[in-house]
Amino acid sequence: MNRHLHGDVFPRNIAYQDGKGVLLDLATLKPLHQGHLQASSITGTPAFMSLAVLKGQPQNESTELESLMYSMLYAATKGKLHWGAYLHTDAAARDAKVAAMSSGSEFEALVLSRIDDALLKRIAECLRALFFVNGECLQSVSVRDFVAAIHQGHAESCES
């Protein structure tokens, strides 16, 4: 089976139906070569691209999941992410995301404070903890890890 990456995961390319997200704009699908896209085929919307891709590294499953996390945060904040305006500026989007995501206090001030729903807040915290360890962004997150972080956030939110 050939594996592909979407290449442009961001809110306008996600439709919701019956509680499930569906990716749109499948024209951006690209085949993986040894687990990564070739550097010349990197695509995306800077405000939602992973930090590694914004630094010029190849896209992979983990970078796609990081983009999905940013899209989920954008939806949870109802479009109020402070880096959400940087749709076409790679460096500005990267710097704004690093500032918000790498520090717990900045994440609280710039992201969590803009999420009203307690469940979504807890899921956001779990996803951030999955991708950012000691202020560094990990590039080895799997789909299984991503789903487990969402389930963990849900379970912890229900306990409190």
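Bear in mind that the values here come from a model prediction, so they are computed numbers and not experimental data.

Lay out the environment of V143 in plain terms, naming residues and giving numbers.
For V143, the location among the structural elements is in helix α6 (residues 143-159). V143 sits in the partly exposed class, given a relative accessible area of 42%. Counting along the chain gives 82 residues from V143 to E61, while the straight-line C-alpha distance between them is 7.8 Å.

Can you break down the nonpolar core residue by residue, with the values?
Ranked by internal contacts, the top residues of the largest apolar core, which has 29 residues, are M69, Y70, L73, W83, M101, V111 and F131. For this core, the secondary-structure elements that each account for two or more residues are α2 (61-76), α3 (90-101), α4 (104-110), α5 (118-131) and α6. Aside from chain neighbours lying at most four places away, what touches V111 is L73, T77, L81, W83, A100 and E106.

Tell me about α2, and name the residues and values.
Compared with the 22 Å implied by 1.5 Å per residue over 16 residues, the 22 Å span of α2 between its first and last C-alpha is a close match. Those residues of α2 lying buried are S62, T63, E64, L65, E66, S67, M69, Y70, S71, L73 and A76. If you check the start of α2, you find a side-chain oxygen 2.8 Å away from the backbone N of S62, and it comes from N60. Following α2 by one or two positions, K78 adopts a phi angle in the positive range, close to 55 degrees.

Provide a residue-level description of the packing of α2 against α6, including the pertinent values.
Viewed as axis vectors pointing N to C, α2 and α6 meet at an angle of 25 degrees, and their least axial separation amounts to 10 Å. On the basis of the axis angle, α2 is roughly parallel to α6. Of α6, the residues touching α2 (which contributes E61, L65, L68, M69 and M72) are V143, F146 and I150. A breakdown of the residues in the contact of α2 with α6 according to their chemical character gives 7 nonpolar, no polar and 1 charged.

Describe the packing of aromatic side chains, and please don't skip the residues or the numbers.
Tallied over the full model, the rule gives 2 aromatic pairs. When the centroid spacing of 5.2 Å and the interplanar angle of 85 degrees are considered together, the rings of F48 and Y74 count as edge-to-face. Highlighted residues: F48 in the loop between β4 (30-31) and α1 (51-54) and Y74 in helix α2, separated in sequence by 26 residues. Relative accessible area serves as the criterion here: at 2%, F48 is assigned to the buried category. For Y74, a relative accessible area of 26% corresponds to the partly exposed category. Over the face of the ring belonging to F107 we find R128, whose NZ or CZ atom lies 5.3 Å from the ring centre.

Any chance you could break down the packing of α2 against α5 for me, citing the residues and the numbers?
The geometry of α2 relative to α5 is characterised by a closest axis approach of 11 Å and an angle of 155 degrees between their N-to-C directions. What the angle tells us is that α2 and α5 run roughly antiparallel. Handedness of the crossing formed by α2 with α5: left-handed. In this structure, α2 uses S62, L65, E66, M69, M72, L73 and A76 to contact α5, whose residues at the interface are L120, A124, L127, R128 and F131.

Rules and cut-offs
Residues numbered from 1 in each chain as written. Predicted model: local features only at pLDDT ≥ 70, side-chain atom pairs only at ≥ 80, totals over all residues. Heavy atoms only, no water. Helix = DSSP H or I, 4+ residues; strand = E, 2+ residues; numbered from the N terminus. Buried < 20%, exposed > 50% of the residue type's maximum accessible area, 1.4 Å probe, protein only. Core = buried A, V, L, I, M, F, W, Y, C linked by side-chain atoms within 4.5 Å. Contact = heavy atoms within 4.5 Å. Expected span 1.5 Å × (residues − 1). Polar contact = N/O pair within 3.5 Å; in protein donor to acceptor, adjacent residues only side chain to side chain. Axes fitted to C-alpha atoms, helices over the stretch in contact; angles between N-to-C directions. Parallel < 35°, antiparallel > 145°, perpendicular 65-115°, else oblique. Nonpolar A, V, L, I, M, F, W, Y, C, P; charged D, E, K, R; others polar. Phe/Tyr/Trp six-rings, centres within 6.5 Å; stacked < 30°, edge-to-face > 60°. Lys NZ or Arg CZ within 6 Å of the ring centre and 35° of its normal. Left-handed = near helix turned anticlockwise from the far one by under 90°.

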